[in-house]
Amino acid sequence: MHTHTALLALRRFAHAHDELPAFHAGYLVLTVVAAALLNLGAFALLIAAHISLDLVKYREVHHLSWKHTLEGTARESLIDIFLLVMALTFSVYLHHTIGVVALSGVVRADLSVARIAGVFLPKFEILHRFLEMLLHVGEHMRTLHVRLGNALASGERLLLFLLVATLILLIAAPAILGIPTSAFLATVAHEMIPWRL
């Protein structure tokens, strides 16, 4: 009897959660806390899970060719991959900039703002997009990318350009910052190994 009542309450909540302000407030708070606590490796795992789901969606659910499957998956993951690479690049540069500049109060405040803009906000957006996809997984699985099979839109071209530019900055970080490659790799490992919180 209690199990049946609990299932009914859970079912009512599942149908009405979008209209509950408390749900949205709790969702926002949990997303902010998770984005602040987890390192970038955890977000890379979320992106990998999203990519895996998209591969199943395009190939198994919609029975598309591998060409269209890879295209749709890449287009849907482009912004998440860019955000991850941008956050990693900011992490590397900010980590090694702290040792280079004099840490006056103004500089510390500027570095905190840069860390929020360059690391925390991309993590928050990746997590938010992943959770939105999970909350509407049925609709996500039924919907194909609107530009599948078409040429890249200007926004997609801009994202690709920014992704390549950010990757170049990341790879060139040891030369630009004047740090040993081992220090660079240690910073990347610290950020990208998910179980290092």
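In this text the structure is predicted, and so the values were computed from the model without any measurement.

Participant: Teacher, can you tell me more about the overall build of the protein here?
Facilitator: Of regular secondary structure, the protein possesses nine helices and zero strands. Helices and strands in the protein line up, N terminus first, as α-α-α-α-α-α-α-α-α. Expressed as a percentage of the 197 residues in the protein, the buried residues total 32%. For the protein, restricting intrachain contacts to residue pairs at least 6 apart in sequence, the fraction spanning at least 24 positions comes to 78%. Accessible area of the protein: about 11800 Å², with a carbon and sulfur share of 73%.

Participant: I would appreciate a short explanation of unusual backbone geometry in the present structure.
Facilitator: Glycine aside, a negative phi is what most residues show, and trans is what most peptide bonds show. Residue His63 is not a glycine yet carries a positive backbone phi of 55 degrees. You can see His63 is positioned in the loop between helix 3 (40-61) and helix 4 (66-97).

Participant: Can you help me understand helix 7 (residues 154-171) in this one?
Facilitator: Side chains of residues three or four places apart in an α-helix project in the same direction, reflecting 3.6 residues per turn. With 18 residues, helix 7 should cover 26 Å at 1.5 Å per step; its first-to-last C-alpha distance of 26 Å lies within 8% of that length. Within helix 7 the residues assigned to the buried category are Glu156, Leu159, Leu163, Thr166 and Leu170. For helix 7, the angular spread of buried residues about the axis comes to 90 degrees, placing them on one side. Of the residues in helix 7, the exposed ones pointing more than 90 degrees away from the buried face are Ser154, Phe161 and Ile168.

Participant: Just to check I follow, could you spell out the pattern of salt bridges for this structure?
Facilitator: Opposite charge on two side chains permits them to pair, given that their charged atoms come into close proximity. Applying the stated criterion across every chain, the model contains four salt bridges. In this structure, Arg75 engages Glu156 in a salt bridge whose closest nitrogen and oxygen atoms are separated by 3.0 Å. Here the residue Arg75 occupies a position in helix 4, and Glu156 occupies one in helix 7, the gap between them amounting to 81 residues. Since its relative accessible area comes to 11%, Glu156 is described here as buried. Among the ionic pairs, Asp80 bridges to Arg129, the shortest N-O distance being 2.8 Å. Here Arg129 lies in helix 5 (residues 105-135) and Asp80 lies in helix 4, a separation of 49 residues in the sequence. Assessed through its relative accessible area of 3%, Asp80 is described here as buried. Given the relative accessible area of 26%, Arg129 is considered partly exposed. Salt bridges here are not isolated pairs; linked through shared partners, they connect Glu71, Arg75 and Glu156.

Participant: How should the side chain of Lys57 be read in this particular structure?
Facilitator: Its location among the elements puts Lys57 in helix 3. Judged by its relative accessible area of 1%, Lys57 is buried. Setting aside residues up to four positions removed in sequence, Lys57 forms contacts with His62, Glu76, His140, Met141 and Thr143.

Participant: How should I be thinking about the environment of Leu169 in this particular structure?
Facilitator: With respect to the helices and strands, the residue Leu169 is situated in helix 7. Every residue in contact with Leu169, bar those within four places of it in the chain, is listed here: Thr89, Tyr93 and Ile176.

Participant: Can you help me understand the side chain of Glu156 in this one?
Facilitator: Separated by 3.0 Å, the side chains of Glu156 and Arg75 make a polar contact. With residues near it in sequence (within four places) discarded, Glu156 still touches Arg75, Leu78, His145, Arg147 and Ala151.

Participant: What am I meant to see in a nonpolar patch on the surface here?
Facilitator: A contiguous nonpolar patch, built from Val29, Val33 and Leu37 and spanning about 280 Å² of accessible area, is present on the exposed surface. Tracing the backbone through its elements, the reader meets Leu37 in helix 2 (residues 21-37).

Participant: I keep staring at the nonpolar core and nothing clicks. Help me out?
Facilitator: Nonpolar side chains in soluble globular proteins tend to be buried together. In this structure, Phe43, Phe82, Leu84, Leu88, Val92, Ile126 and Phe184 are the most contacted members of the largest nonpolar core, which totals 27 residues. Those elements that place two or more of their residues in this core are helix 3, helix 4, helix 5, helix 7 and helix 9 (181-192). Sort the elements by how many residues they give to this core and helix 4 lands first, with 10 residues.

Reading the values: the criteria
- Residues numbered from 1 in each chain as written.
- Predicted model: local features only at pLDDT ≥ 70, side-chain atom pairs only at ≥ 80, totals over all residues.
- Heavy atoms only, no water.
- Helix = DSSP H or I, 4+ residues; strand = E, 2+ residues; numbered from the N terminus.
- Buried < 20%, exposed > 50% of the residue type's maximum accessible area, 1.4 Å probe, protein only.
- Contact = heavy atoms within 4.5 Å.
- Areas by Shrake-Rupley, 256 points an atom, 1.4 Å probe, with all protein chains shown as cover.
- Expected span 1.5 Å × (residues − 1).
- Arc of directions from axis to C-beta.
- Salt bridge = Lys/Arg side-chain N within 4 Å of Asp/Glu carboxyl O.
- Polar contact = N/O pair within 3.5 Å; in protein donor to acceptor, adjacent residues only side chain to side chain.
- Patch = residues over 30% accessible without salt bridge, like charges linked within 9 Å, V, L, I, M, F, W, Y side chains within 5 Å.
- Core = buried A, V, L, I, M, F, W, Y, C linked by side-chain atoms within 4.5 Å.

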